[in-house]
Amino acid sequence: FLDGGHFWACFDMMSEFTTVFLTNVFAAKTFLPPTPATNAIVAVNGVGLWLGFIAFRLLLFPTWLYMFFKDARSNPAKTIDTLSTTAKLQWPLVNVFLLG
């Protein structure tokens, strides 16, 4: 199970929190008639999407990168040295891609 990879994968998966709000916005606009209630649903989910985007996209990925490299520098024998070369390169690059 990739040994230490579970934490980093779960940490990255937190970014999918925003998908709930995005799906609700699209579903409300697609399947509900335009009423004040629909507008309220879209507005509430839009606020959740925006706040979630800040916390789980703009802050999460830099924090992930910082923690990953700090962990690798502080105790390489138990962390970065146990990973394959592919994981050492791919995991941080995926986060840089998702952040950008």
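A brief look at the structure comes next. (Residues numbered from 1 in each chain as written. Predicted model: local features only at pLDDT ≥ 70, side-chain atom pairs only at ≥ 80, totals over all residues. Heavy atoms only, no water.)

Another aspect to go through is the packing of aromatic side chains. Centre distance and the angle of the planes are the two values used to describe a pair of aromatic rings. Taken as a whole, this structure holds 10 aromatic pairs when the rule is applied. Consider the rings of Phe 7 and Phe 11, whose centres lie 5.5 Å apart with planes at 20°: the pair is stacked. With Phe 7 and Phe 11 both in helix α1 (residues 5-13), this residue pair falls 4 residues apart, about one helical turn. Judged by its relative accessible area of 44%, Phe 7 falls in the partly exposed class. Seen from their ring centres, Trp 8 and Phe 68 are 5.3 Å apart, and the 85° between their planes marks the pair as edge-to-face. Of this pair, Trp 8 sits in helix α1 while Phe 68 is found in helix α4 (residues 60-74), placing the two residues 60 residues apart along the sequence. Taken as a pair, Trp 8 and Phe 68 share a single burial class, namely buried. What links up through ring pairs into an aromatic cluster is the set Phe 7, Trp 8, Phe 11, Trp 64, Phe 68, Phe 69 and Trp 91. (Phe/Tyr/Trp six-rings, centres within 6.5 Å; stacked < 30°, edge-to-face > 60°. Helix = DSSP H or I, 4+ residues; strand = E, 2+ residues; numbered from the N terminus. Buried < 20%, exposed > 50% of the residue type's maximum accessible area, 1.4 Å probe, protein only.)

Among the structural elements, Thr 18 can be located in helix α2 (residues 17-31). The residues contacting Thr 18, other than those within four sequence positions of it, are Leu 49, Gly 52, Phe 53 and Arg 57. (Contact = heavy atoms within 4.5 Å.)

What follows covers the packing of α4 against helix α5 (residues 85-99). One way to put it is that α4 packs onto α5 with a least axis distance of 9 Å and a crossing angle of 160°. What the angle tells us is that α4 and α5 run roughly antiparallel. For the crossing formed where α4 meets α5, the hand is left-handed. Contact residues: α4 offers Phe 61, Pro 62, Trp 64, Leu 65, Phe 68 and Phe 69, while α5 offers Trp 91, Pro 92, Asn 95, Val 96, Leu 98 and Leu 99. (Axes fitted to C-alpha atoms, helices over the stretch in contact; angles between N-to-C directions. Parallel < 35°, antiparallel > 145°, perpendicular 65-115°, else oblique. Left-handed = near helix turned anticlockwise from the far one by under 90°.)

Position of Asp 71 relative to the elements: it lies in helix α4. In this view, Asp 71 contacts Trp 8 and Thr 79; residues no more than four positions away in its chain are not counted.

In this section: the packing of α2 against helix α3 (residues 36-58). Put simply, α2 and α3 touch, their axes get as near as 8 Å, and they point 155° apart. The orientation of α2 with respect to α3, classified from their angle, is roughly antiparallel. Read as a crossing pair, α2 and α3 show a hand that is left-handed. In contact with Phe 17, Thr 18, Phe 21, Leu 22, Asn 24, Val 25, Ala 28 and Lys 29 of α2, α3 contributes Thr 38, Ile 41, Val 42, Asn 45, Gly 46, Gly 48, Leu 49, Gly 52, Phe 53, Phe 56 and Arg 57. Broken down by class, the residue content of the contact of α2 with α3 amounts to 10 nonpolar, 7 polar and 2 charged. (Nonpolar A, V, L, I, M, F, W, Y, C, P; charged D, E, K, R; others polar.)

Such coordinate-based values are descriptive only and should not be taken to indicate function.
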